[in-house]
Amino acid sequence: MVKRVLELGCGRTKAPGAVGVDSNQDATAADVICDLNHGLPFRDDWFDQVRGVHVIEHLNDVMKTMSEIHRVTRPGGTIYLVTPHYTDFISWCDPTHRWHLNSFSFRYFGQIHGQRHWYTRLDLRERALHVELARLWKWLGVQWLVNHFVWFRRFWEMYLCFIVRGKQMEFTFEVVKE
Ligand SMILES: C[S@@+](CC[C@H](N)C(=O)[O-])C[C@H]1O[C@@H](n2cnc3c(N)ncnc32)[C@H](O)[C@@H]1O
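Below is a short write-up of the structure. (Residues numbered from 1 in each chain as written. Predicted model: local features only at pLDDT ≥ 70, side-chain atom pairs only at ≥ 80, totals over all residues. Heavy atoms only, no water.)

## Quick look at the overall build of the protein chain
Then, in step 1: On a plain count of helices and strands, the protein chain comes out with five helices and seven strands.
Then, in step 2: Computed over its C-alpha atoms, the radius of gyration of the protein chain comes to 16 Å, within 12% of the 16 Å expected for a compact globule of 178 residues.
Then, in step 3: Dimensions along the principal axes, computed over C-alpha positions, put the protein chain at roughly 45 × 40 × 30 Å.
Then, in step 4: Within the protein chain, the proportion of its 178 residues that are buried is 46%. (Helix = DSSP H or I, 4+ residues; strand = E, 2+ residues; numbered from the N terminus. Rg over C-alpha atoms; globule rule 2.2 N^0.38 Å. Buried < 20%, exposed > 50% of the residue type's maximum accessible area, 1.4 Å probe, protein only.)

What follows is the structure, encoded as structure tokens:
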């Protein structure tokens, strides 16, 4: 079965067969030109996967955007997001970045974090997370530890990450709907 894939803020690259959305008219891979800050012009539960590679950090409201992504993704569908870690050079270099996130920032969506449903009732399950560190730390094996042990990732976020700098984070979530 052909999967329906939506690529948000696609710029010039999108996944094969995906519907690309971007606000930039010159973004040649876009099929739909719209401002993602005004919601997604798609029906509920339409897509099997929604992707956003280096886009969420540009948008006005992370909670509103996640709620719209959740709405257009079918139950059991997936959301794939890539965003810079806040300790990366690029996170602060690009003047259009509004948000600087860490590897626990998406735990506020229906997860085991203790803060469940403080801000929203929408439900996501984190199915995969890959944290990429600056190359030196990858070579020294710190990246492996960060990705294999949640306790080490928390330790890294709390005590090490201003020296052992992150690069980017790749999240895969499963969409849960009652
Ligand atoms: C850093 S680029 C990433 C492009 C592409 N995803 C990639 O990885 O090569 C961010 C993209 O998000 C788009 N974008 C930023 N704000 C947007 C908005 N409010 N609505 C739609 N697209 C937006 C930009 O036009 C740009 O194409």
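So much for the structure itself; the text now carries on.
## Brief notes about the site of the ligand
Then, in step 1: What surrounds the ligand is a group of 16 residues, the closest being G9, D22, D35, L36 and V53.
Then, in step 2: Between the ligand and T13 there is a distance of 3.2 Å, counted from an oxygen atom to a side-chain nitrogen or oxygen.
Then, in step 3: Contacts to the ligand include D22, whose side-chain N or O atom sits 2.6 Å from an oxygen atom.
Then, in step 4: Protein burial of the ligand: of its 590 Å² of free accessible surface, 73% is covered by the chains.
Then, in step 5: When its residues are assigned to classes, the shell around the ligand shows six nonpolar, eight polar and two charged. (Near = heavy atom within 4 Å. Polar contact = N/O pair within 3.5 Å; in protein donor to acceptor, adjacent residues only side chain to side chain. Areas by Shrake-Rupley, 256 points an atom, 1.4 Å probe, with all protein chains shown as cover. Nonpolar A, V, L, I, M, F, W, Y, C, P; charged D, E, K, R; others polar.)

## As for the pairing of strand β5 (residues 73-84)
Then, in step 1: Sheet analysis places strand β4 (residues 47-53) next to β5, joined by six bridges and oriented parallel. If you follow G52 over to β5, its bridge partner there is L81.
Then, in step 2: Taken together, β4, helix α1 (residues 62-72) and β5 constitute a β-α-β crossover, and its handedness is right-handed.
Then, in step 3: Bridge analysis of β5 against strand β7 (residues 166-176) gives seven bridges, and the strand direction is antiparallel. (Pairing = 2+ DSSP bridges. Right-handed = clockwise from strand over helix to strand, strands pointing away.)

## Quick notes on a nonpolar patch on the surface
Then, in step 1: On the surface, W144, F149, W151, F155, M158 and Y159 cluster together into a nonpolar patch covering about 750 Å² of accessible area.
Then, in step 2: For the nonpolar patch, the leading source of residues is helix α5 (residues 150-160), giving four residues.
Then, in step 3: Residue placement: M158 occurs in helix α5. (Patch = residues over 30% accessible without salt bridge, like charges linked within 9 Å, V, L, I, M, F, W, Y side chains within 5 Å. Salt bridge = Lys/Arg side-chain N within 4 Å of Asp/Glu carboxyl O.)

So yeah, pure geometry; function would need other evidence.
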